[in-house]
2 protein chains.
Amino acid sequence: MGSVLNVIKIGGNVIDDEDQLQVFLEKFAALQGKKILVHGGGKIATRLAADMGIEAKMIDGRRVTDQQMLDVVTMVYAGLTNKNIVANLQKFGSDALGLCGADGNVIKAIKRPVKDIDYGFVGDILVDSVNTLSIKKFLEAGFVPVFSAITHNGLGQLLNTNADTIASALAVALSKVYETRLIYCFEKNGVLRDVTDDSSVIKTIKSDDFERLKSAGIIYEGMIPKLENAFLAIARGVKNVYIGNALNLHLYQQGEFGTCLVSK
Amino acid sequence: MGSVLNVIKIGGNVIDDEDQLQVFLEKFAALQGKKILVHGGGKIATRLAADMGIEAKMIDGRRVTDQQMLDVVTMVYAGLTNKNIVANLQKFGSDALGLCGADGNVIKAIKRPVKDIDYGFVGDILVDSVNTLSIKKFLEAGFVPVFSAITHNGLGQLLNTNADTIASALAVALSKVYETRLIYCFEKNGVLRDVTDDSSVIKTIKSDDFERLKSAGIIYEGMIPKLENAFLAIARGVKNVYIGNALNLHLYQQGEFGTCLVSK
């Protein structure tokens, strides 16, 4: 097994706040060792679509990515957001390299098959979607890959893809090459024992604990699929998954960051 | 001296025509050996700015890049255009890697100093702007770098930069590492002896010929600065410069492409 790799996902809330984003990027740049950043979209794409008079298409409450919306998210995620993050990481001394899935063919996806709903240009990631060979070349050459949530199908079609899924697929695939940790950064300090008390962070959750915490109603709603995906990543080879506050990332290498999920 | 490198610049006219772009990209993908693509902007950025209600700012007839316009060109050049070109090159079997100047710190520029006019966020390329070490890593690893016309200043600021200048700066800098040729693709078959006859291509122009052709009025207007820059690139180490029709790129490796500029 090779060296340690940290795959870090940053969500839309931090991206939408220029000051918080700067704080986060400076802490990310200071992290030692091999690392990858995956960023979500933020509200800029929604605002741009509105400015352009493009209406959000919804079918049965689910967002649909038509050609116009694909162009918008490609511009914002892979262009404006990705390049500004890369330029700021360079400022902080990190040799960032912005990527969408088509660059170096790093992530290939398939257009989501139409069953009840046609989601449009949405990409689903498969088991062999991640090109570990290309990504390893970048990492070994000293670059810090920064992934936007756009993939391609290998046939010239770009696809809108969930950033959490990209982060987890990257971590799982690269765990065959590196001792890989997956770190989800969001606005809370971790998984909380009491949702109203931001200091009630549960330090460690084993997969057995997870079932117990679910049954007790301590973990609920949106946190359930997040943790289910995290434990799935662990079952597929990721060493640990961390969930914590983007602005506390400096505590990670001191072992004081958020909630750590472990297999058992 | 290492192997041969072809630096190819494609302009806005071909980018704006989806069919022509496909033809060009297939020919580019088929080119043997190490290569780099530099693409200009096309009219999409102007259209997007209009859709967003952003007025083009002009001072004394010169376009000014304010913050809003910088965001637009970053979205379009480094996002929409760059990623669609990369995805299509992947389709044609070329392992394209889309870059702006901030990615891997490949091209650093300085914000154009304010003299009579403040051009806003426009980047000027200096002698040591090109990071040949990073670009060499990509080329040696088998990637095909695809540059959009966005650079950065190393301090977190993206900058709008002329694509012709990027192509020539890349070719000059990389001529220290590779035997480098610079190929400007545009809509004409080359430098024409008779501007009304597209078959009157001048096959070869030496720097001495250039002065004579200028005096005779055969080379005039917009072609003069283009050729002056080309001869400057040759004087600075580029082996040859070619100017020809984007749709004839397949003739290049047969030695039948456009006009070839040589030092003497």
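Reading the values: the criteria
- Residues numbered from 1 in each chain as written.
- Chains lettered and ligands numbered in written order.
- Predicted model: local features only at pLDDT ≥ 70, side-chain atom pairs only at ≥ 80, totals over all residues.
- Heavy atoms only, no water.
- UniProt positions renumbered as here; feature names shortened; annotations may be inferred.
- Pairing = 2+ DSSP bridges.
- Helix = DSSP H or I, 4+ residues; strand = E, 2+ residues; numbered from the N terminus.
- Axes fitted to C-alpha atoms, helices over the stretch in contact; angles between N-to-C directions.
- Parallel < 35°, antiparallel > 145°, perpendicular 65-115°, else oblique.
- Left-handed = near helix turned anticlockwise from the far one by under 90°.
- Contact = heavy atoms within 4.5 Å.
- Nonpolar A, V, L, I, M, F, W, Y, C, P; charged D, E, K, R; others polar.
- Polar contact = N/O pair within 3.5 Å; in protein donor to acceptor, adjacent residues only side chain to side chain.
- 1 Å grid on protein atoms, 1.4 Å probe; cavity = no way out; pocket = protein on both sides within 12 Å on 5 of 7 lines; lining within 4 Å.

In the annotation of an unreviewed UniProt entry, the entry for chain A reads Acetylglutamate kinase, and the organism field reads Sphingobacterium psychroaquaticum. Looking at chain A in UniProt, the text filed under Subcellular location (unreviewed entry) is "Cytoplasm". Turning to chain A, the UniProt record has this under Catalytic activity (unreviewed entry): "N-acetyl-L-glutamate + ATP = N-acetyl-L-glutamyl 5-phosphate + ADP".

Participant: Whenever I open this one, the sheet that holds strand 1 (residues 4–10) of chain B confuses me. Can you help?
Facilitator: Pairing between the strands of a sheet is mediated by backbone hydrogen bonds and can be parallel or antiparallel. Residues and elements named next belong to chain B. Read from one edge of the open sheet, eight strands run 5-8-2-1-11-13-14-12, paired in mixed fashion. Both edges of this open sheet fall to strand 5 (96–99) and strand 12 (204–206), since each of them pairs with a single strand only. Going from strand to strand, the sheet's axes swing by 20° on average, the running direction of each strand aside. Bridge count for strand 2 (residues 34–39) against strand 8 (residues 144–147) is two bridges, and the pairing is parallel. Bridge pairing links Leu 37 to Val 146 in strand 8.

Participant: Would you mind showing me how to read the packing of helix 2 (residues 18–30) of chain A against helix 4 (residues 67–91) of chain A here?
Facilitator: The relative placement of two packed helices comes down to the angle between their axes together with the axis-to-axis distance. Residue and element names in this part refer to chain A. Packing of helix 2 against helix 4 brings their axes to within 9 Å, and their N-to-C directions diverge by 55°. One finds that helix 2 runs oblique with respect to helix 4. Between helix 2 and helix 4 lies a crossing whose hand is right-handed. Touching Leu 21, Gln 22, Leu 25, Phe 28 and Ala 29 of helix 2 are Ile 85, Asn 88, Leu 89 and Lys 91, all from helix 4. Within the contact of helix 2 with helix 4, the residues separate by chemical class into six nonpolar, two polar and one charged.

Participant: Any chance you could explain the side chain of Thr151(A) here in plain terms?
Facilitator: Residue and element names in this part refer to chain A. Along the chain, Thr 151 turns up in strand 9 (residues 150–152). A distance of 2.8 Å separates a polar atom in the side chain of Thr 151 from a polar atom in the side chain of Thr 161. Discounting chain neighbours no more than four positions away, the residues touching Thr 151 are Gly 101, Ile 107, Ala 109, Gly 123, Gln 157, Leu 158, Leu 159, Thr 161 and Ile 166.

Participant: Quick question: what am I supposed to make of the UniProt feature "site: Transition state stabilizer" (unreviewed entry) in chain A here?
Facilitator: Residue and element names in this part refer to chain A. Per the UniProt record, the feature "site: Transition state stabilizer" (unreviewed entry) sits at Lys 9 and Lys 226. Of the residues just listed, which span 218 residues, no C-alpha pair is farther apart than 12.4 Å, and they cluster in one region. Lining the second largest pocket, from the residues just named, are Lys 9 and Lys 226. Tracing the chain through its elements places Lys 9 in strand 1 (residues 4–10).

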